[in-house]
Every structure is written in structure tokens, then in C-alpha cells.
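Spelled out from the first residue to the last, the chains are:
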Amino acid sequence: MDKVLSARDITKVYRMGEVDVYALRGVSLALGAGELVALVGASGSGKSTLLNIMGGLDIPSAGSIRYRDHDLSSASEAELTRYRREHVGFVFQFYNLIPSLTARENVALVTEIAEDPMRPEDALELVGLGTRLDHFPAQLSGGEQQRVAIARAVAKRPDILLCDEPTGALDFHTGVKVLEVIETINRELGTTTALITHNAPIAKMANRVVTLVDGLIASDESNAELTPAKDIRW
Amino acid sequence: MRSLDRKLIRDLGQLKGQVLTICLVVASGVAVFIAMQTAYRSILLTKDAYYASHRFADIFAYARRVPDSIEPQIRDIPGVAQVQTRLLSRVRIPLTGSDHAATGQIVSLPDHGRPALNDVFIRVGRLPEPGRNDECLLLESFAQSHHLAPGDALSVVLNGRIRELRVVGLALSPEYVFAFGGDVMSYEPGSFAVFWMRKAAIEAGFQLQGAFNNVVLRLQGGASKDEVIDHLDTILEPFGGFGAFGRDKQPSHHFVTSELDGLRMQTIIIPFIFLSVAAFLVNVVLARLVQLQRSQIAALKALGYSDSSVGLHYLKLVTLIIGIGSVLGVALGTWLGGLLMGIYKDYFLFPSFEHRLDPEVLLIAVLISLVSAVAGAAFSLRGIIRLPPAAAMQPEAPASYKTSSLDWLTSWMGVLARMVFRELRRRPGRLLLSTMGLSMAVAILVIGRFAIDSIDYLMDVQFERAMREDVSVGFREPLPARVVDSLRAMPGVHQAEGLRTVPVKLTKGAAARELVINGMPVDGSLRVLLNQQGEKVRIPMGGLLLTDLLAEKMGVVAGDLVELQPQQGERRKRQVLVAGTVSDMLGMQGYMQLDALRELMGEDPMVSTVLLSVDPGALPELRRRLYDMPAVALVQEPAAARRLFDEQQGGAMLAMTLVLVFFACVIAVGIVYNNARVALSMRSRDLASMRVIGFTRGEISMVLLGELTIQVLLAMPIGMYLGTLAGDALLSSDPENFRMPAVVSNLTYVFAGLVTAAAGLFSALLVRRKLDRLDLIGVLKTRE
């Protein structure tokens, strides 16, 4: 399979306040084109750190990370910015929408700087929010806000979609709706997707499930059979 | 519009309270700068153009009587470009219905044409016709005050005789931009007149046929003023020359330029205060915004916006705030500048007096405010640019607080007070800057009131304690001391004492200074020499007492011999012993006992001024008789001058105080309000938690507002000290002429403190209202 993203022996040390925290202790992982990979593990296992490094938000303390033939571990801040702008879409647990911008404007924030973006309206239509274009984040439910965040992430037609606990702040029903959107994007647009989740059932919709424990990959297994998002229960 | 710009506009809307307060501070700074700079430049340009077009002289000299035949010698002095000889004489103008006579000056015009130097500008009417002995041009401001117009008649008393004059025109001259009768303290528009008449019309009355008593010169480019003055003095000495002087000592010019210098000085100090406060506020507000929008900044970066474009976005926000403030400031400054010019218009007489809005000034004002704002924003902008997006996604690590060895200080206070103190200690920079900013508000109030206090003190000391006479009579030139007896013999006079003043050049080694030596009677009681503390100083026998600043500048100490050359009469150089120094209030002076000075001069007893103590009932008649004496140049009444001064100061003082209170409030509200808003938004989670636990609104207000109270309290003494310091610097900008003692009344301190406290309280209450509406659940539910 064509490797889009590959990480090798990645270590990451954070200094939190006055203590050093080892977030990753030598992780190697590759994402194939069009794959949907679930990253699971307990809090503090290093999932988010790995995701941030894959997304060019952070660089490893040691080890290498490559996007196709670009070395991200030695990339400059400007190169990382370009990488994020051109190739990566992010979805966060807490949406991180700009509260002073409407749904449409939040998506436009991305389409204005992307090379071949969708129309903001189309992106919102894709996540089922075609009728909520001019609502501010505060006027939307949590699920709706997360779908705006997804629309914002996919509007640039990214090569990689990185989702950090996209359903973490949502109830079950809205969570499923959000997962359906992610599934659609992965299947229909062929976007390589990595998805962090706490919930084992959610991992059943992924091609592969990578489990992190204490900054190391404990297991990396393929799902023989994929469960459609709409059938997932937790 | 781009989405990011939309965010910007909406963020501005969210911050409107803070934006407004910062805008006001910026606007005040820009307005003061523009008002003062444009007024300064307008006056300077007007003055220079007026001087050039009306050929204002470079050198001035008075003499008793110089034959016209001497004029060619003056023309031949190397370096002299133009010469105009003139007759000048003082006149009294009896005003109907007033005890007080106005005084005036008659200035001769050449018999034909216009003066070569110090030309007149005729507003209405025409020049007096040659041969018409009663025609005159009258100073416009005097005519306006007394409702006189061309065609009107006016009587003046010249050499004791009444003359009827007919006004044929209203005029101005560069010599009388500030027209006063020799005594700035008792200046009042309309109390001093200037009459321009043809020479032939007045020479007989002056008993100066074929002669002149005043000459003005214009120098060639590059000529040495001092050499020409020396040369001119030598020529005029046999004819009773009083010592030539340059333009810098010409009374009107001197007054106008020192006023302009003061204006320029304030142009720098006051806007500096405002713009540093603006920079500070931008810093505070932006730092808070960055903290609040941490995750937004991270999201923008995650979406692919570059560090610099996110930085630029926040820079735009700052620029926009400053831009709004600047526009407001330009409008306000234009208006204030007009007002300021209006005030000067009452004092300075120019042919046209236009408030020119120099685009350069506007540009500079806007640029300075932008630079100061960017400086204020720099720290936060750096933070925005450097913020790593991954770290910003995480909630911020809890702020680190430490216990310290100073905790015992607050241990008795309870937990709330300890929270306040820990917060202050955690951000010492914020505490320092806030306190400094607030102290600026206090300082501005002190600076403004300081001048008033000091002048009050000076007036008190000078008029109440140093000048104990009712009337002082100054002569055109020194008279034999027996004049004291004849004045004492006038009706109503109780007491009379003579003073002798001699303008001299004092030399010690390479150092030389021109100053006036005051000879004072040993047993005199009408005029007392006081030091800056208002204590009476005795003049030592035989020696010269010098102003300490002067002695210091010349490197002279008590016991030194200095060389002294009188600038009037016999100019032989003499040696005199410096007996001591005194820190007086009147600039560069020397004092000697009257007899010692007479001995030094080697002359018969002479006096230049006579001080009188007078029965109040006899004053009007005495005044009239004194004015009519040809030898008398100046009649001053300290009590009347004081009254007049107080009256004129009253309105100006109130206006100035109001403006300063406004400015100080803008600063104090700006700082307290912004700090409080920032503290509220940073700590709303803590405060809400406290409310949930069971603390009352009052208690959580204390945590928030306690910090601000401490800032305000700390700022007061610092501001009072800074204000006193800055006021001192402003007042002593011209120590050679005037040394005001550093006096700040307790009332001023109380006033400054109260205004600042009130402004602080007002802003605290605004924020307290928000605190009362704190959404407990909402705050706790959202992610930090």
C-alpha cells in the first residue's frame, strides 16, 4: 500500500510546569493512502502527541516523521505551516471554532487560504449543516459545532484528516452522526484518516487499530470486518 | 471581507469598553500633541514671517539725547545693514471714569514714508500725514479695548502737558507683539497703548529737535551681535546711552519666545505620558486577549495560517484601536489647537493669526502613537508568533504560585487577602507598570496644580512680604538721592526709600555675565531680600551678595574678587569682593548695601527707584502726579498687581484644572478599568468556584478589586513625587530669569489623590457590575 505518512522511532519529551513528561518513547507507525486508522489508549498514553506530530503541529524530540517524500522532523516552522495548510485537516475534541465567526465564516477561514478548496457551503452541506450556515458557534449544539469543525477540516480537500477524540465531548447520538461524516469523507473522498478515541467500539469502523500504552505502541491490528459508523454503539 | 478580518471587527466589538478607554488615552495624547505643536508652529511661523516682512530690528539702544549727526557713525559700524533712529517717550492716558491711568509709548515715524525697521502694519486707516501734528496711529488692541476708531480723538499727557491726538489708523508692530508697559505681572489688555506719530510732530514736545533717543539696527548676515553692541555702546556713551541690547532682551520678543519655549517643552512631556500609558494598556489588553484566544490562535495555526499572518491579525487589531484613537485625537487636537490659539490671540498681536494645521504634525502624532502601541504590543505579538500550536491545544498549565518567606506578613489577613498578595507577587511587572501608569494620572494633576501653587507662593512672598511698599516709582535714569525727600514730601506719603539698580557685566577669569546689582538701604523696611524659603536675608557690609546659581555657574565663591563693569554711565571696570551667596527667587541678581554700591560706583548718592508707603486715600492724586513727572518711567502698585493677577488667573486656573482632571481621569479609568476587566476574565473561573463554595459577591469583589486598590494606593505617593519633580523641571526651564521654589500645597496633593481615587472607584464599579452577573455554571462548564 502507498504510504502517505510514516513515523520512525519517535520520542517526545514535554516540560510541563516543572516536570519532564515523556509522551512518546520510540513509536513507529505508517499510514497508507485512504486508510482509516484508530488510535486508542488511556489518557496520557501519547495518542494526541503522536497525532500532533503527524499533523505538523509539533516536532519529535527524536526520531523521524515523513509525509510522502518530505521529512517533517527537520522541517522549518514555515514548511510545517505549508504542510498543514496544503495537506492536513484537523478535528479537535473541543472543536476550536472561532466564536466570533459564523459556521460559514469558520469554514471560509480555511477555504480562503487553501489551493483548491470546496465552497464553504458545500463543505457544510457534506456534514449536513447546509441550513445552519449563518449560525455562530454559540447558537449550535455540540454535535453541530463538531460537524462545522469537520467541514472546516475537509473543505481544503486534505490528504490527511486527523481527528482527536471528535466525539469526546458529544452524546452518543450526535457522536454517531459525526462518525458517519468522518466515514463518508474517508470512503468517498479517499482521505487518509487517523482518529483518536477512548471508545473501543468506535475503533471497529477503522481499517486498523493502533493501541498506545505509556508512550509505546502495544498493538497494531487490522480489523477483518468493518462496522459501519451507524451501527456503532457505546 | 476576509473571515479573519471579520473576526477582528467582532473582537473589537467584544472589547468595546477597553477599546474605548484606550482610544480615549491615545486621543488625549494625540490631541495635546497636535494642539500644542500646531499652536507652537503657527505662532512661530507667524512671528518669523511678521518679523521678516516688517523688518524687526536685531539690536536696540536707548540714550538720553543723540544728535542726528551721529547717525552716519552708527551706519558705518561694521556688520550693520540698516539703521532707524527714533524718538520714544512715555505718555499717560487719563481714562475717564477711572482712577488708574493707562500708560503708553509714543514712537516716532520718519517724517516721510515708512520706518526702515520695526515697520507698522496698518489694520485700518492710514499713516499720519507729514505736517499734521495731531495725527497718530494707535495700537489696535488698545483701540479695541477702549472702543476707539480712526477719526476719534484722544488726550494724552506728555511731559506734564495735555495733548489732543487724532487717531487716523489702527496699527501693530513686531516690537509690540506682546504689548505691555514694562511689568508683565500687571499685564492687562488695554492698559498699554502705543502711538506712532511723525517725528516732526513730537520732537518739540520731547525737546529733542535734531536728535534721537532710540536707535534700532539690523545686522548683516554673519555679523557679530556682541561686537556691534560694543561698538554702538561706545558711540552712544557720551550721549547718555543706556546700554544696547539684542533682540533676545527686547521685552516683547523675550516674552513671546519664552512662552513658545514653554509650549514646546509641554509638547514633549504631556503626550509622552499619554502615549506611554497607551502602550501599557495595549500591552495589558492584548496579553489578556492572547490568553483568552489561546486555543483560537492554535486552531488558526493548525488550519495552516502562518505564524506571521496570525501575528499580523493581532497587530491589525492594535493598529485599528490606535487608528480610531488617532482619528479622534486629530479631531480633538484640531479643536483644542484652535482654542489654544484663541487664548494666545488675546495676548499676542499679529497682523493675522491663523491656526495652521500642519499635515506633518498630524502625521507625526499618528506615527508616534502607532509606534508606542506597537511597542506596547510587541511582547504579546512575540508570544502569539511563538505560541506552538500543539501546546496551545492543551489547557494552560496552572500558573505557578509559591509560598514565600513573606507570607507571615499576610498570615493574619485571611485567605482572601493572601490571594490578593500572591497575585500581586506573581506578576510584579504588571504591578509595577500599573502603578507607574496610575502614578502618571496623579502626576498630571500635580504638574498642573503645581504651577498654580508655586506662582501663588511666589506672589505671596514677593507681594506680601518682600515688596512692602504701596507704590514703587521707577525712573527713566538714576536721579540724585534727594528725589527720595521730595517724594516723601508729597501729600499722603508716610515713608520713602530709595533703591539703586545698576546693570553690570561681571567677570571672573573667562566667565562673564550680565546682571543687575540691586543697592538696598541697610535700614530699609519697604523692600526686603528673601531667600527661597521666604526668610529674610541680610546683605553683608561692603561686599556683593550673588544668587547662588549665578555664583556656581561662574565658579565664584565667597571671598573671591570679581571684576565689575557698569553698563550705564561711567563704564570703568572695578573690583568687588563677593561676600556671600543667596538662593533667591528672581534669577541672576546681585545685591549690595546702597552705600557700598554708591562707593563702588564712585558717584554721589543716586537712586533708580523710590518705594513709597502711602495713605490709601491719597493714592489717586499721587498716582496722577507721578504719571505726569517726565523722569518717571514706571509706577507700580504691588497690591493692585496682585489683585489683577488673581482675577486673571481665576478663569484660566479653572479651565486648566478641568482639562487636567479630564486627562487624569482618562488615564486612571483607562488603567483601572482595563486591569479590572483583564483580572476578571483571567480569574472568572476561580471567582466562580469561590462563589460555588459559598463566598459572597463582596468577598470575591475584594479579591479582584483589592489588587486594584493597592495599585491606586501605591501610585499616589509615587505620582505626587513624580509630579513635583516634573513640575520643578518645567518651572526651572529658564532659571536665569526666574527661579520658582518647588512648592506644592497640601490641597494639590489631596486633590490629585481624590480625583485619582474617584476615577479608580468609578471604573471598579463598572467591573463590579459584571462580577455580580458572573455566570457560575457557564464559567465552570467551559474548558479553560
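Structure shown above.
Scope of this entry: the structure provided in the associated data block. (Residues numbered from 1 in each chain as written. Chains lettered and ligands numbered in written order. Predicted model: local features only at pLDDT ≥ 70, side-chain atom pairs only at ≥ 80, totals over all residues.)

With that out of the way, let us pick up the overall build of chain A. Scanning chain A from terminus to terminus reveals seven helices and ten strands. In terms of overall dimensions, chain A is globule-like: its C-alpha atoms have a radius of gyration of 17 Å, near the 17 Å expected for 234 residues. Based on the C-alpha atoms only, the size of chain A along its principal axes is roughly 45 × 40 × 40 Å. When burial is assessed residue by residue, chain A has 51% of its 234 residues classed as buried. A separation threshold of at least 6 residues defines the contact pool for chain A, and within that pool the share at least 24 residues apart is 69%. (Helix = DSSP H or I, 4+ residues; strand = E, 2+ residues; numbered from the N terminus. Rg over C-alpha atoms; globule rule 2.2 N^0.38 Å. Buried ≥ 20, exposed ≤ 12 C-beta atoms within 10 Å, placed from the backbone. Contact = placed C-beta atoms within 7 Å.)

On to unusual backbone geometry. At Arg157(A), a residue that is not glycine, the phi angle is positive and equals roughly 50°. Take Arg157(A): it is sitting in the loop between α5 (142-154) and β7 (160-164). Arg157(A) gets classed as partly exposed once you count the C-beta atoms within 10 Å, which come to 17. Look at His147(B): it is not a glycine, yet its phi comes out positive at around 55°. For His147(B), the position within the fold is in the loop between α4 (140-145) and β7 (153-158).

A separate point is the sheet that holds β7(A). Hydrogen bonds between backbone groups are what pair the strands of a sheet, and the pairing can be parallel or antiparallel. All names here are of chain A. The six strands are arranged β6-β7-β8-β3-β9-β10 in an open sheet whose pairing can be described as mixed. Because the sheet does not close on itself, it has two edges, and the strands there are β6 (88-91) and β10 (216-222). Sheet twist, expressed as the mean angle between neighbouring strand axes with direction ignored, is 15°. Alignment of strand β3 (residues 36-41) against strand β8 (residues 192-197), held across five bridges, turns out to be parallel. Of the residues in β8, the one forming a bridge with alanine 38 is leucine 195. Lying over the sheet, helix α6 (residues 172-189) contacts β3, β7 and β8, oriented at roughly 155° with respect to β8. (Pairing = 2+ DSSP bridges. Axes fitted to C-alpha atoms, helices over the stretch in contact; angles between N-to-C directions.)

Turning our eyes to something else, we now look at helix α3 (residues 103-111) of chain A. Summarising burial for α3(A): nine of the nine residues are buried, a large majority. Of all the residues in α3(A), the buried ones are Ala103(A), Arg104(A), Glu105(A), Asn106(A), Val107(A), Ala108(A), Leu109(A), Val110(A) and Thr111(A). Those residues of α3(A) hidden inside the fold are in contact with α4 (120-126) and α5 of chain A together with α1 (3-14) and α8 (294-303) of chain B.

Taken together, the contact between chain B and chain A spans 25 residues of the former and 24 residues of the latter. Put simply, the parts of the chain that give the side of chain B that touches chain A at least two residues each are α1, α8 and α11 (389-393) of chain B. With seven residues, the single largest contributor to the side of chain B that touches chain A is α1(B). Tallied by class, the residues present in the side of chain B that touches chain A amount to eleven nonpolar, seven polar and seven charged. (Nonpolar A, V, L, I, M, F, W, Y, C, P; charged D, E, K, R; others polar.)

This next bit is on the nonpolar core. One finds Leu39(A), Ala151(A), Ile59(B), Ala278(B), Ile444(B) and Ile667(B) to be the most contacted residues of the largest nonpolar core, which totals 241 residues. Residues in contact with Ile444(B), not counting those within four places in the same chain, are Ile273(B), Leu660(B), Phe663(B), Ala664(B) and Ile667(B). The next biggest cluster of nonpolar side chains, apart from the first, holds 43 residues, and it includes Leu506(B), Leu544(B), Val562(B) and Leu594(B). (Core = buried A, V, L, I, M, F, W, Y, C linked by C-beta atoms within 7 Å.)

Quick look at the environment of Asn207(A) now. Residue and element names in this part refer to chain A. The topology assignment puts asparagine 207 in the loop between α7 (200-203) and β9 (208-213). For asparagine 207, a count of 17 C-beta atoms within 10 Å gives the class partly exposed. In this structure, asparagine 207 is in contact with Glu35, Leu36, Val37, Ser222 and Asn223, ignoring residues within four places of it in sequence.

Take the sheet that holds strand β1 (residues 3-16) of chain A next. Residues and elements named next belong to chain A. Spatially, β2-β1-β4-β5 is the arrangement adopted by the four strands of the open sheet, whose pairing is antiparallel. In this open sheet, the two edge strands, each paired with only one partner strand, are β2 (19-32) and β5 (70-71). Across five bridges, β1 lies against strand β4 (residues 62-67) in antiparallel orientation. Across the sheet, residue threonine 11 finds its bridge partner in β4, namely alanine 62. Across the sheet, helix α1 (residues 47-54) is in contact with β1, β2 and β4; its angle to β1 comes to roughly 125°.

A separate point is the packing of helix α2 (residues 16-53) of chain B against helix α9 (residues 307-347) of chain B. Residues and elements named next belong to chain B. The geometry of α2 relative to α9 is characterised by a closest axis approach of 6 Å and an angle of 40° between their N-to-C directions. The angle between α2 and α9 places the two elements in the oblique class. The handedness of the crossing between α2 and α9 is right-handed. Looking at side-chain class alone, the contact of α2 with α9 contains 22 nonpolar, nine polar and no charged residues. (Parallel < 35°, antiparallel > 145°, perpendicular 65-115°, else oblique. Left-handed = near helix turned anticlockwise from the far one by under 90°.)

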